[in-house]
Amino acid sequence: MPNKALILVDIQNDYFPGGDWPVHRMQTVAENAARLLGAARKDGTLVIHIRHEFATDAAPFFRPGSAGADIHALVAPVATEAVLTKSRANSFHGTDLLRILQEAKIEALTICGAMSQMCIDATARAAADHGFDVTVAEDACGAKETEFNGMTLTADQVHAAFMAPLAMSYAKVVTTDSLLS
């Protein structure tokens, strides 16, 4: 069995209903991530929490020091789990993530969190580029609706549009249930 890690990306309060930037189905996403987290803790898998924080109070969400930038209670870290703060979509950029994984001799990563079209995509691609065996728990990832070039895309369409290419070239894209079975 390869050494593995669970990476929980940006499961923060602002993405939940009532937050400053709600993500579609974030409660379900977090519940699935919590199931993965429980299993990882039980089997001794390395767990790393990633949180996003913008550098300015003028940001639309994840403002420095705000409750919205805090990791959600459903996946709250324990004292033995690393919590890394990033300011870009790629969880490796400007953080100690790669060093921590290399020092722990990690070979395989399971990634979950938000948003599918930003931080999950950027982190999964970077992880593959760094040579990790990457799995994305797609139903433990959330997307946000968006508009482009006069076209409105639902959150489900956005999610599918990002999971499909990840599955083609960068990661094994599976459900939480399949990972836990």
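This report concerns the structure included in the present document.

Topic: the overall build of the protein
Okay, so step 1: Check the secondary structure of the protein and you find 5 helices and 8 strands.
Okay, so step 2: Order of helices (α) and strands (β) in the protein, N terminus to C terminus: β-α-β-β-α-β-α-β-β-β-α-β-α.
Okay, so step 3: For the protein, the spread of C-alpha atoms along the three principal axes comes to 45 × 35 × 30 Å.
Okay, so step 4: Residues counted as buried form 45% of the 181 residues belonging to the protein.
Okay, so step 5: For the protein, restricting intrachain contacts to residue pairs at least 6 apart in sequence, the fraction spanning at least 24 positions comes to 74%.

Let's talk about the layout of surface pockets
Okay, so step 1: When its volume is computed, the second largest pocket comes out at roughly 170 Å³.
Okay, so step 2: Looking at the lining of the second largest pocket, the elements that each hand over two or more residues are α1 (26-43), β5 (133-142) and α4 (155-170).
Okay, so step 3: For the lining of the second largest pocket, a count of residues per class yields 4 nonpolar, 4 polar and 4 charged.

Structural notes on the nonpolar core
Most often, soluble globular proteins keep nonpolar side chains buried together rather than apart.
Okay, so step 1: Within the largest apolar cluster, 25 residues are counted, with the highest numbers of intra-cluster contacts made by Ile7, Leu101, Leu109, Ile111 and Val136.
Okay, so step 2: Those elements that provide at least two residues to this core are β1 (4-9), β2 (46-52), α2 (97-103), β4 (108-114), α3 (116-129), β5 and α4.
Okay, so step 3: The dominant element in this core, judged by the number of residues it contributes, is α3, at 5 residues.
Okay, so step 4: Excluding residues that lie within four positions of it along the chain, Leu109 makes contacts with Ala5, Ile7, Phe92, Leu101, Ala127, Phe132, Asp133, Val134 and Thr135.
Okay, so step 5: Residues Leu8, Phe16, Val23 and Phe62 belong to the second largest nonpolar core, which totals 24 residues.

A closer look at the pairing of β5
Okay, so step 1: The buried count for β5 comes to 7 of 10 residues, which makes it a mostly enclosed element.
Okay, so step 2: Bridging between β4 and β5 involves 6 bridges; their strand directions are parallel. Paired with Leu109 across the bridge in β5 is Val134.
Okay, so step 3: Each parallel crossover has a hand, and the one from β4 via α3 to β5 is right-handed.
Okay, so step 4: Bridge analysis of β5 against strand β8 (residues 172-174) gives 3 bridges, and the strand direction is parallel.

Focus: α3
Okay, so step 1: For α3, the complete set of buried residues consists of Ser116, Gln117, Cys119, Ile120, Asp121, Thr123, Ala124, Ala126 and Ala127.
Okay, so step 2: Where α3 is buried, its residues meet β1, β2, β3 (82-86), β4, β5 and α4.
Okay, so step 3: Count one or two residues on from α3 and you reach Gly131, which has phi positive near 95 degrees.

Focus on the pattern of salt bridges
Okay, so step 1: Within the structure shown, the criterion is met by 11 salt bridges.
Okay, so step 2: The salt bridge partner of Asp177 is Arg35, with a shortest N-O separation of 2.5 Å. You can see Asp177 sitting in helix α5 (residues 176-180) and its partner Arg35 sitting in helix α1, a full 142 residues away along the chain.
Okay, so step 3: Here Arg35 falls in the partly exposed class, since its relative accessible area comes to 35%.
Okay, so step 4: Connected through shared salt-bridge partners, Asp96, Arg99 and Glu103 make up one network.

Quick word on the packing of aromatic side chains
The geometry of an aromatic ring pair is captured by the separation of the ring centres together with the interplanar angle, meaning the angle of the planes.
Okay, so step 1: One pass over the structure, following the stated rule, counts 6 aromatic pairs.
Okay, so step 2: Aromatic pair Trp21 and Phe61: ring centres 4.8 Å apart, planes at 20 degrees, arrangement stacked. Note that Trp21 is positioned in the loop between β1 and α1 and Phe61 in the loop between β2 and β3, a separation of 40 residues in sequence.
Okay, so step 3: Ring centres of Phe61 and Phe62 lie 4.9 Å apart, and the angle between their planes is 70 degrees; on these two criteria the pair is classed as edge-to-face.
Okay, so step 4: You can call Phe62 buried: its relative accessible area is 0%.
Okay, so step 5: Linked through ring pairs, Tyr15, Trp21, Phe54, Phe61 and Phe62 together constitute an aromatic cluster.
Okay, so step 6: Geometry around Trp21 places Lys144 over its ring, the cationic atom sitting 5.1 Å from the centre.

Quick notes on the rules
Residues numbered from 1 in each chain as written. Predicted model: local features only at pLDDT ≥ 70, side-chain atom pairs only at ≥ 80, totals over all residues. Heavy atoms only, no water. Helix = DSSP H or I, 4+ residues; strand = E, 2+ residues; numbered from the N terminus. Buried < 20%, exposed > 50% of the residue type's maximum accessible area, 1.4 Å probe, protein only. Contact = heavy atoms within 4.5 Å. 1 Å grid on protein atoms, 1.4 Å probe; cavity = no way out; pocket = protein on both sides within 12 Å on 5 of 7 lines; lining within 4 Å. Points joined across faces, edges and corners; volume = space filled by probe spheres on them. Nonpolar A, V, L, I, M, F, W, Y, C, P; charged D, E, K, R; others polar. Core = buried A, V, L, I, M, F, W, Y, C linked by side-chain atoms within 4.5 Å. Pairing = 2+ DSSP bridges. Right-handed = clockwise from strand over helix to strand, strands pointing away. Salt bridge = Lys/Arg side-chain N within 4 Å of Asp/Glu carboxyl O. Phe/Tyr/Trp six-rings, centres within 6.5 Å; stacked < 30°, edge-to-face > 60°. Lys NZ or Arg CZ within 6 Å of the ring centre and 35° of its normal.

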